Amino acid sequence: MAETTPPAAPPAPPASEAPKPKPVVPFSPVILKHIHEPNAHTLEHYLARGGYETARKHVGETDPASLVAIVKDSGLRGRGGAGFPTGMKWGFLAKGTGKPAYLAVNGDESEPGTFKDRHILEKDPHQLLEGVILTCWAIQSNHAFIYLRGEFILGYQRLEAAVKEARAKGFIGEKSFGKDFPLKVTVVRGAGAYICGEETGMLSSIEGGRGYPKIKPPFPAVSGLFKCPTIVNNVETIANVTHIVKNGADWHKQWGTEKSPGYKIFCLAGAVKKPGVYEVPLGITMREFIDVYGGGMVEGRTLKAVIPGGLSAPLLTPEMVDKCTLDYESLAGLGSMLGSGGITVLHDGVDMMSAIYNTMRFYHHESCGQCTPCREGTGWLEKLAHKHHAGHAHAGDTDLLADVAKNMRGRTICVLADAAAMPMQSYLQLFRPEFDKRVAAPEYVEKGRTARDEITPAAKRESVTHGAPGVLDVGMGMDRV
Amino acid sequence: MAKMPAKTLSSEALRQFHDWVDEYPNKRSMLMMVLRLVEEEFGCIDDDAMEIAADLCGVNVAHVQGMVTFYTHFKRPAHGKHRFMVCATLMCALDGNTDQALAQIRAKLGLKPGEATPDGLFSCEKVECLADCDKPPVIQKDDEHFCSMKGPALDAYIDKLLTAEGKTSEQYLAATPVTMDLRVAVLPVHYNFEGEQNVGARRFDDKDPYFAPGEGSENGSARTTGVPPALKTPLTAPVAGGALNPSNAGHGANGTSGGQHG
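Residues numbered from 1 in each chain as written. Chains lettered and ligands numbered in written order. Predicted model: local features only at pLDDT ≥ 70, side-chain atom pairs only at ≥ 80, totals over all residues. Heavy atoms only, no water.

### Some details on the sheet that holds strand S1 (residues 82–87) of chain B
Residues and elements named next belong to chain B. If you walk across this open sheet you meet the six strands as S5-S4-S1-S3-S2-S6, and the pairing is mixed. The strands lining the two open edges of the sheet, one partner per strand, are strand S5 (144–146) and strand S6 (178–179). Direction of pairing for strand S2 (residues 115–116) relative to S6: antiparallel, over a ladder of two bridges. The residue of S6 that forms the bridge with Ala116 is Val178. Running over the sheet, helix H6 (residues 97–109) touches S1, strand S3 (122–127) and strand S4 (139–141) and is turned about 155° from S1. (Pairing = 2+ DSSP bridges. Helix = DSSP H or I, 4+ residues; strand = E, 2+ residues; numbered from the N terminus. Contact = heavy atoms within 4.5 Å. Axes fitted to C-alpha atoms, helices over the stretch in contact; angles between N-to-C directions.)

### Examining the pattern of salt bridges
Going through the model one piece at a time under the given rule, you end up with 40 salt bridges over all chains. Across the salt bridge formed by Arg118 of chain A and Asp132 of chain B, the nearest N and O atoms sit 3.7 Å from each other. Here the residue Arg118 of chain A occupies a position in helix H5 (residues 116–123), and Asp132 of chain B occupies one in the loop between S3 and S4, the pair thus bridging two chains. Take Arg118 of chain A and Asp132 of chain B: they sit in the same class, and that class is buried. Between Glu165 of chain B and Lys81 of chain B there is a salt bridge whose closest N-O contact spans 2.6 Å. Taken together, the residues span a long stretch of sequence, with Glu165 of chain B in helix H7 (residues 152–165) and Lys81 of chain B in the loop between helix H4 (61–70) and S1 at a distance of 84 residues. Look at Glu165 of chain B and you get partly exposed, because its relative accessible area is 21%. When its relative accessible area of 45% is taken as the criterion, Lys81 of chain B is described as partly exposed. A network of salt bridges, in which partner residues are shared, links Arg79, Lys116, Asp117, Glu236 and Lys264 of chain A. (Salt bridge = Lys/Arg side-chain N within 4 Å of Asp/Glu carboxyl O. Buried < 20%, exposed > 50% of the residue type's maximum accessible area, 1.4 Å probe, protein only.)

### Brief notes about the pairing of strand S4 (residues 230–234) of chain A
All names here are of chain A. Of all the five residues making up S4, five are buried; the element is thus mostly covered by neighbouring parts of the structure. Burial along S4 is two-sided: the residues Thr230, Val232 and Asn234 and Ile231 and Asn233 are all buried. Note: strand S1 (residues 102–107) against S4, five bridges, orientation parallel. Within S4, the position partnered with Leu103 by the bridge is Ile231.

Remember, this is a structural readout, not a statement about activity or role.
Structure below.
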C-alpha cells in the first residue's frame, strides 16, 4: 500500500486523523541480489561481497538474546507459509531442559507454485549458511539440520559443498570462528513427499521415519527433533536473518506494511509474459506485481483467477485481484492467504473443472494417510472432482463435494486436509456454475452420453488435450502413478 | 542360517557412512541419507539394498520397506534405467505442457505413465510438483533436471539416450510395455537369524527411536555413540586404517557376535 501512495500527495487535513503514509523507500532485491551472477554459489564470490562478516562479528561476541530481540523487532514473519513471527517463535524455545536445542531449516518447498528456495539453495547457498550460523548462535543451538527435498539435486550438491567449504574455513566446527561455539550443520535429503514440508512431518523424516506429522502441542519449540527443543524455519526466513542482523530492525521495517514488514520473494507462474522469482516489498498491489514484474498477461488472454499462495490457497477472482495487496493481512481479508508466495495466474481458457481435478489428485496422492478425514476425504474429493471433470456427476454430487470439504477442515493432525479443502471450497464458491454445468442430465446418462459431450464435442476435446488453443484440459486423466 | 544380502557396499560408501555417523544423533536418523547411499551404490533400492540400509541404521527391514514405499522419489527395481519423471501438477499441466511431454515420450518409447519398456531401460511416470513452475513442463530424468522440456529439445534428448543404448524408437513402439510394480516383497522366513522367533523381524534395537542424544538404553550401550557397532554386512574391502576407533573395547565384542551371523 505504502509504495503505491504518491509521496507528493500528503493526506488532506485533518492530518492527525488520517494515517500517515509511510515514505516510499526504493527497493532493490536483497536475497536474490546476486543469483544472476556466475559463480555466486562459490565461497570466493560470497567472501568477496562481505560474506560471513556478520556471523564473524556476532558469533561468540554478541549476547544471543539481543540477536533474538533484533529479529523480533524487525517483525520478520515466517516465509514458509504460515507467516508466524520469527522472533516470537525463537522466544518460545524451551530453556533449561538439559537437552540440546536444534535448528531445523525447512527446504522441502513442496507447495506447488513455489520455487524460491530452489534459487537460494542453488545460487547462493552460503547466504543461507551464514543465516544458519547466526540463528544457531541466537538460539544457542549446536546442531542445525537443513532438510531439502530429494528433487533438489543441484541444490543438495551445492549446499553440501558450501557446508564443506565453511567447515574447512572454520566457520562451522568445534570452534566456529575460533570462538567457543561448537556447531554442526547436517544436510538431509528428502525423497519426494509433500507432507515433509509440514514442520513436524519434516522432523519425522529427519528422525528416519515416514514423514508423518505429529500432533501439536507440544510444539517443536518445546519438544521437536529427537524430543528436544527445536526451531523450524523456512530457508528464506533464515536467509533473511543475516541481512536483518547486519542492517538492523528498522532497516527491515522501512519496507512493507505495519503488520507485514519487509520484503518477500514471490514466485510467478502461469499465463504471464515473464514468469519467475521476484523479490518485492510486501504491500505492493497484486496488479502491479502481475503487470509490472510479470509483464502482464500473455497475448490474447485475460485473467480468470489467481492462486495467490501455492496450490492450497483459495482463488482470487479478477475483482479480488484489483483489491489485493501482497501482504498477509490483505489476502487473509479476501479469504485467501499469502502462503509461500507462489502466485499462479490462470487465464480465461482454463477449464476450472480440470484444474480442480488436478488439484485434488495432488492432495490425494500426497496425503500421508494418518488421519481418516484426510486419507478418505482427499480420495472422495478427487473422485467427485473427476466425476465433474468427466461429466459423469449426478445431481447432489456438487453438494457432496461441499459437504466433504467442510467436514475435512480442522479435524486432522496437520493442515493438509485443510489445504485440500480450502481450494475446493473456494472453487465451489467462485465457480459453482461451472460445476453445475458438468452435472449430467438424466437423459444423457441413459443414452450413455454425458453433459461434457454437449459442452465440448468429442473431436474438439481430443485436440485440446494436446496444447491446442481452446478449452484446456489439465486434469491429466485417471491413471495415477 | 541367516540369509546374507547378495550385494555388499563398497568401502567408499562405507567410509561415507562412517563420516555421517558423527553428524547424526542416532543411527535411525541417518536412514534417509543411507537410503540415498545404497540407491547410488546399487542404482536402485531393491530388497538387498533395503536390508543393508536396515543393517546400517539399526532398524528392522519392515521399517525400511515402509520408508521406501512412502517416499516416491527413491528408484526401485521396477523403474527403468532411464527413469522419466514428468511433473503433472497444475502449474505444469496448464496449457497442455505436461500432456505434450507425455505424448512425445509415448511417441518415442511407446510408454504411458506408469509403464516401463520390457528390457527395463526406460520408464515413464507422472510425479507431483518439481518446484520449477515458471518453466513448464519440468522433467527429471534420474538426477538430471530439465525445464521447458518439450518439443525438439525433448525429442533430441530421447534420441540421444536411444543412440547411447543402441536402440531404436521402432523397437520400443513394437514391443508391449510392462506396468511398473512398486510393491515390496513380503519377507521370507529365511530372512530371520537363527533362534529368532518373529517371522520377518530383525533383532535390532528399534524399541525407542527417540532417544535424546547422550541417553543410552538400559544395558548401557548408548545408541548415540559416535562409532556404530560392527556391521553385519560384510565389507568388500577392509576400511583403511583398520578399526574405526581402537579405544572402544565394546566395539570389538559386537563385531564378533555380528560375525556369527555370517
